[in-house]
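Coordinate inspection notes
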Amino acid sequence: MQAILLSNEEVAKRAYQIYEGGIRQKVETEENIGKMVIINVETGDYEVDETGLQAARSLQEKSPYARLFGIRIGYNVAASFGGVMERVSSDFRYGD
């Protein structure tokens, strides 16, 4: 199966739409705050783990050419280099 050609911006937009469309309600629990959710933007499949590495591997085993996108659960950024990662409020919506 051939991958869908999407720009980085389109991948991010799709991932946030999928996340807000149902994944967020399932994964945003106290025990998952700070973990990574990796989303296959073509199928909507997702996996959660501490760093996102095993989740990405698992999704790529199912779909080797998948476009994947990671979101840190409960935060507005996935990683911070020299800055501060801030928690988002429960009513925060990605892509607003």
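Presented here is a report on the structure given in the accompanying data block. (Residues numbered from 1 in each chain as written. Predicted model: local features only at pLDDT ≥ 70, side-chain atom pairs only at ≥ 80, totals over all residues. Heavy atoms only, no water.)

Digging into the pattern of salt bridges
- This structure, assessed with the given rule, holds four salt bridges.
- The salt bridge partner of glutamate 28 is arginine 24, with a shortest N-O separation of 3.2 Å.
- Linked through salt bridges whose partners overlap, the residues forming this network are Glu20, Arg24 and Glu28. (Salt bridge = Lys/Arg side-chain N within 4 Å of Asp/Glu carboxyl O.)

A word on the sheet that holds strand β3 (residues 68-72)
- Spatial strand order, β2-β1-β3: three strands in an open sheet with antiparallel pairing. Edge positions in the open sheet fall to β2 (46-49) and β3, since each of these has one partner strand only. Each neighbouring strand pair of the sheet contributes to a mean axis angle of 20°, computed without reference to strand direction.
- In this sheet, β2 lies alongside strand β1 (residues 36-40) in antiparallel orientation, the contact comprising four bridges. Of the residues in β2, the one forming a bridge with valine 37 is valine 48.
- In this fold helix α1 (residues 8-27) packs onto β1, β2 and β3, with an angle of close to 50° to the strand it touches most, β3. (Pairing = 2+ DSSP bridges. Helix = DSSP H or I, 4+ residues; strand = E, 2+ residues; numbered from the N terminus. Axes fitted to C-alpha atoms, helices over the stretch in contact; angles between N-to-C directions. Contact = heavy atoms within 4.5 Å.)

Observations concerning the packing of aromatic side chains
- Taken as a whole and judged by the stated rule, the model has one aromatic pair.
- Residues tyrosine 16 and phenylalanine 69 carry aromatic rings whose centres are separated by 5.5 Å and whose planes lie at 70° to one another, so their mutual orientation is edge-to-face. Placement of the pair is tyrosine 16 in helix α1 and phenylalanine 69 in strand β3, with a sequence separation of 53 residues.
- Residue classification places tyrosine 16 among the partly exposed residues on the basis of a relative accessible area of 23%. (Phe/Tyr/Trp six-rings, centres within 6.5 Å; stacked < 30°, edge-to-face > 60°. Buried < 20%, exposed > 50% of the residue type's maximum accessible area, 1.4 Å probe, protein only.)

With respect to α1
- Taking 1.5 Å per residue as the helical rise, α1 with its 20 residues ought to reach 28 Å, whereas the 24 Å between its terminal C-alpha atoms falls clearly short.
- Glutamate 20 marks the point of greatest bend in α1, at about 55°. (Expected span 1.5 Å × (residues − 1). Bend = angle between axes of the 7 residues up to and from the residue.)

Topic: the environment of threonine 29
- Tracing the backbone shows threonine 29 in the loop between α1 and β1.
- Sequence-wise, threonine 29 and isoleucine 73 are 44 residues apart; in three dimensions their C-alpha atoms are separated by 8.7 Å.
- A distance of 3.1 Å separates polar atoms of two side chains, one belonging to threonine 29 and the other to glutamate 31. (Polar contact = N/O pair within 3.5 Å; in protein donor to acceptor, adjacent residues only side chain to side chain.)

Any functional reading would require information that these geometric values do not contain.
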